[in-house]
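# Secondary and tertiary structure notes
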Amino acid sequence: MLKIHGVPISVHTRKVIVVALAKGIEHGVIPVVPVIPGNPPANWRELSPTGKIPAITDGDYTLVDSAAICAYLERRRPSPSLYPADPRDYGQALALEQYAGDNIFRGVVHPLFHEVFVHPKVRQIPTNPARIDEVLATTLPEVFGYLESRIAGDFLAGKSLSIADIAVASNLVTFQYIGFELERKRFPRLAAHFGRVCSTPAFALALERERGVVDSMQLRRDFLREAAA
Ligand SMILES: N[C@@H](CCC(=O)N[C@@H](CS)C(=O)NCC(=O)O)C(=O)O
């Protein structure tokens, strides 16, 4: 059986879980939290050379990096496809998946998650409010503004759910779990897109399954009700 090593509240682990659920691939999630010292298993670097989550094992096969894993799962179970058939939409889906990892995650979610969670709660480092303000005032408007400009129809690339939608929405879930707002008035198309993606059966099931972890970390979930409305 496919094993997904990671934690569901991680942006990139959720992305892989949603893809596995959308494709009906039976899987188990093995908890690994790299930001907690001593948490990963002794053989972690064999499974994940980067040290990051997610990594998968599928029988005797191991693979790291959510983009590589999702592409592997697409070949392993082609239907339903999460990569557009049209060449231009396909290119756009891959570009937006990359944008989600580089710009939304690295530029916005990762620094905020570290400031509000990892630093004060794991590393005993005080939160730096100036860093949070800088991300919210400078990086967020550029990144969310770009996404807003990319949404013309229901989905980001092509006419159905693709890896681009899953990658973007997964970032926005964690962004809101940790207490930040996806402002509907400021980014109406992005907020509507977020609601649409969260309502797809695979994404909704993934969110339901991670509820226990979210509650145990005392994170907020109220925005999910609004997103579904
Ligand atoms: N490009 C990687 C990025 C993975 C990544 O940054 N994972 C984060 C959690 S979402 C992580 O493992 N952080 C812990 C660390 O950097 O030690 C992917 O798409 O899988």
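Next up on the list: the nonpolar core. Counting 69 residues, the largest nonpolar core has I104, F144, L147, Y177, L190, F194 and F203 as its most contacted members. By residue number, the principal contributor to this core is helix α4 (residues 87-122), which donates 12 residues. If we skip the residues at most four places from it in the chain, F203 touches R14, V18, I166, A169, S170, V173, V197 and C198. Core analysis: the next-biggest nonpolar cluster, separate from the first, contains 8 residues, V32, W44, L47 and A55 among them.

Glancing now at the pairing of strand β3 (residues 55-58). Here β3 shows two buried faces, one formed by A55 and T57 and the other by I56 and D58. When strand β1 (residues 2-5) meets β3, the two strands line up antiparallel, connected through 4 bridges. Bridged to I4 within β3 is I56. The sheet contact formed by β3 and strand β4 (residues 61-64) spans 4 bridges and is antiparallel.

The subject of this paragraph is the domain arrangement of the protein. As assigned here, the protein comprises domain 1 (2-76) and domain 2 (87-228). Taking the mean C-alpha position of each, domain 1 and domain 2 sit 19 Å from one another. Contact with domain 1, which involves 18 residues of that partner, is made by 28 residues of domain 2. Counting each side, the surface lost to burial between domain 1 and domain 2 is near 1800 Å², with a carbon and sulfur contribution of 75%. Counting the surface domain 1 buries against domain 2, the share from its top three residues, I9, V11 and R14, is 36%.

Time to look at the side chain of E148. When you line up the elements, E148 lands in helix α5 (residues 129-150). Despite being buried, E148 has no salt bridge partner; R189 is the closest side chain of opposite charge, sitting 4.0 Å away. Residue contacts for E148: discarding those within four places in its chain leaves F187, P188, R189 and L190.

With that settled, consider the packing of aromatic side chains. By the definition in use, this model includes 9 aromatic pairs. Pairing F144 with F175 gives two aromatic rings, centres 5.3 Å apart and planes at 75 degrees, and the pair type is edge-to-face. Here F144, found in helix α5, pairs with F175, found in helix α6 (residues 163-177); they are 31 residues apart in sequence, far enough to count as distant. The exposure class assigned to F175 is buried, which follows from its relative accessible area of 1%. Aromatic pair Y177 and F223: ring centres 5.8 Å apart, planes at 65 degrees, arrangement edge-to-face. Separated by 46 residues along the polypeptide, Y177 in helix α6 and F223 in helix α10 (residues 222-228) bring together distant segments of the chain. Given the relative accessible area of 2%, Y177 is considered buried.

Around the ligand, the surrounding shell consists of S10, V11, H12, P34, V35, K52, I53, P54, D65, S66, F105 and R106. Contacts to the ligand include I53, whose backbone N or O atom sits 2.8 Å from a nitrogen atom. Within the complex, 77% of the 520 Å² of free accessible area of the ligand lies under protein. For the shell around the ligand, the elements supplying multiple residues, two or more each, are α1 (11-22) and α4. Per-class residue counts for the shell around the ligand are 6 nonpolar, 3 polar and 3 charged.

Thresholds, definitions, all that
Residues numbered from 1 in each chain as written. Predicted model: local features only at pLDDT ≥ 70, side-chain atom pairs only at ≥ 80, totals over all residues. Heavy atoms only, no water. Core = buried A, V, L, I, M, F, W, Y, C linked by side-chain atoms within 4.5 Å. Buried < 20%, exposed > 50% of the residue type's maximum accessible area, 1.4 Å probe, protein only. Helix = DSSP H or I, 4+ residues; strand = E, 2+ residues; numbered from the N terminus. Contact = heavy atoms within 4.5 Å. Pairing = 2+ DSSP bridges. Domains from an automatic or database assignment. Buried area = accessible area lost by both parts, 1.4 Å probe. Lys, Arg positive; Asp, Glu negative; His and termini not counted. Salt bridge = Lys/Arg side-chain N within 4 Å of Asp/Glu carboxyl O. Phe/Tyr/Trp six-rings, centres within 6.5 Å; stacked < 30°, edge-to-face > 60°. Near = heavy atom within 4 Å. Polar contact = N/O pair within 3.5 Å; in protein donor to acceptor, adjacent residues only side chain to side chain. Areas by Shrake-Rupley, 256 points an atom, 1.4 Å probe, with all protein chains shown as cover. Nonpolar A, V, L, I, M, F, W, Y, C, P; charged D, E, K, R; others polar.

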